[in-house]
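Analysis of the macromolecular model
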Amino acid sequence: MAERASRYLEQRGTTWHLRMRVPARYHAVEKRKLIKQSLYTDSKTEAEAIKGKIRQEILVELDRRLAGDKATADPSFDNVVALAKARGVAYRTSAELAAGPASELMGRLKKLMTEDPSATRQELISAELGGIDRPQVLISDLLREYEETNRARLSRKNDDQLRRWRNPYKRAINDLRSVLPNKQAVEITRQEALQLEAIYLDRVAEGEILAATANKRLGHLRTLVRAHCKRHQLIDNTSFENLSVSGGREPRKRKECSEAWILENILSPSLLSRTNSEIRDVLIIMSETGASPSEITGALPNHFRLNDPIPHIELRQEGRDLKNKYRVRDLVLTRPALEAARRHPEGFPRYRGKPGFSDAANGFLRENKLLPTPEHTVYSLRHAFQGRLRRAGGIDQFYQARMMGHDPKHVIKREVYGDDLTLEERMAVMNIIRLDTSEEERRKAKAALMGSTRS
């Protein structure tokens, strides 16, 4: 059931949108009476927090686009393009119009002669006849431009998440610049894109990178170039379309830690005593909830519901951006995880919104020879939790998916209806796989859950 909307908010499906009327003073440049823009969140609290910022950005943009005084006072490329768009035409430079169909040029001239027979409104002439050359956006500028275009979607990411979001694009751009000079993005040719693809193929064949890595970087470049063309109303540059690399070495299989290893090395108080308390207790919570390190360290103090009848940590889109909407969930805490959380009732500020946890935790475990093999990492605790859910038998796939923060539809291959798991249902699952109880207690918990599982 949709939540009750408030001013400027509208829920469509599970996602909240900004909904605002266009003031009459902007009707010259904005034909819509209502503007609706996704806020990319299913959290009403998050939507309330960012709606004002996004609304203000829209009003600023409408102010910039006002015909007459605005375009005359600041005849920048963006203003002229915005004015052309508001008038229902794609912006074309004079050179592009001259090279295009004569009918388009004549149609624009006829329109101008009707609206401005004395040719005194320079802003209309620029918008219709291409009075301003396109800005030179270099390959090195593509990410900055893409980030600006997606500022609403990125607004809930914290600084560390933005850094990690940018890094794959930066690596792809650096790879491209190793092949090309830093020229205008629109001038990238198909031959140059194929040259980069060939370099990736060599690196994959030599085992330097995985084919999946090469394909992700080609995909990032494709995304950046498409967005650039869309922003500047250019004919699509298809240089990176349909490029892919295959073969090479197989990706490493994700390793999981055994229950015996977790009991001996993570839930044993002595072995982790030599590292800092935040690393120690995040690892304990990971082992008993299956959450990722950043999900735990990013939780705010108000998300630690340790004195509730069923103690839990809320994972919410607040103060950070979770990987997707399915990662929003509650982590019920059994004894070891609850004790660890109670030692940090305000959360984990040392690593909240900051890089470094995985490197520090992996470094400690490797230096002290605590990891089962070189292929294991702290993330193996999350894989181990999923393995315990799978091997327990009798735990419904919907339950398994929601405990892990996965999309249930991808697991059960059909639409999912109804509410999410309750805290009671989550605790019932935990009682089957928790490591601090006997096999007999696990069997009883399993029988109880199987008798009450949703159909």
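Residues numbered from 1 in each chain as written. Predicted model: local features only at pLDDT ≥ 70, side-chain atom pairs only at ≥ 80, totals over all residues. Heavy atoms only, no water.

1. Some words on the packing of helix α18 (residues 397-404) against helix α20 (residues 423-433)
Packed helices, taken two at a time, are described by the angle their axes make and the gap between the axes. With their axes 11 Å apart at the nearest point, α18 and α20 run at an angle of 95° to one another. As summarised for this structure, α18 and α20 are arranged roughly perpendicular, according to the angle between their axes. Where α18 abuts α20, its residues Tyr399, Arg402 and Met403 lie against Glu425, Arg426, Val429 and Met430. For the contact of α18 with α20, the per-class residue count stands at 4 nonpolar, no polar and 3 charged. (Axes fitted to C-alpha atoms, helices over the stretch in contact; angles between N-to-C directions. Helix = DSSP H or I, 4+ residues; strand = E, 2+ residues; numbered from the N terminus. Parallel < 35°, antiparallel > 145°, perpendicular 65-115°, else oblique. Contact = heavy atoms within 4.5 Å. Nonpolar A, V, L, I, M, F, W, Y, C, P; charged D, E, K, R; others polar.)

2. Quick look at the packing of helix α17 (residues 380-392) against α20
Interhelical geometry of α17 versus α20 gives an angle of 85° and a closest axis separation of 10 Å. Considered as vectors, α17 and α20 are oriented roughly perpendicular to each other. Mapping the contact onto sequence places Phe385, Arg388, Leu389 and Ala392 in α17 and Val429, Met430, Ile432 and Ile433 in α20. Looking at side-chain class alone, the contact of α17 with α20 contains 7 nonpolar, no polar and 1 charged residues.

3. Some words on the pairing of strand β6 (residues 329-332)
Taken residue by residue, a regular strand's side chains alternate between the two faces of the sheet. Covered by surrounding structure in β6 are Arg329 and Leu331 together with Asp330 and Val332, the residues of both alternating faces. When strand β5 (residues 312-315) meets β6, the two strands line up antiparallel, connected through 4 bridges. Following the sheet pairing, His312 is matched in β6 by Val332. (Buried < 20%, exposed > 50% of the residue type's maximum accessible area, 1.4 Å probe, protein only. Pairing = 2+ DSSP bridges.)

4. Topic: the pattern of salt bridges
Side chains that differ in sign of charge can pair as their charged atoms come close. One pass over the full model with this rule turns up 38 salt bridges. For Lys51, the salt bridge goes to Glu48, with nearest N and O atoms at 2.9 Å. Of this pair, Lys51 and Glu48 both sit in helix α1 (residues 44-65), 3 residues apart, which is roughly one turn of the helix. On the basis of relative accessible area, Lys51 is assigned to the buried category, the value being 15%. Between Lys157 and Asp321 there is a salt bridge whose closest N-O contact spans 2.7 Å. With a gap of 164 residues between them, Lys157 in the loop between α8 (151-154) and α9 (159-177) and Asp321 in the loop between β5 and β6 connect regions that are remote in the sequence. In terms of burial, Lys157 and Asp321 fall into one category: buried. (Salt bridge = Lys/Arg side-chain N within 4 Å of Asp/Glu carboxyl O.)

Geometric descriptors of this kind do not, in isolation, establish any biological role.
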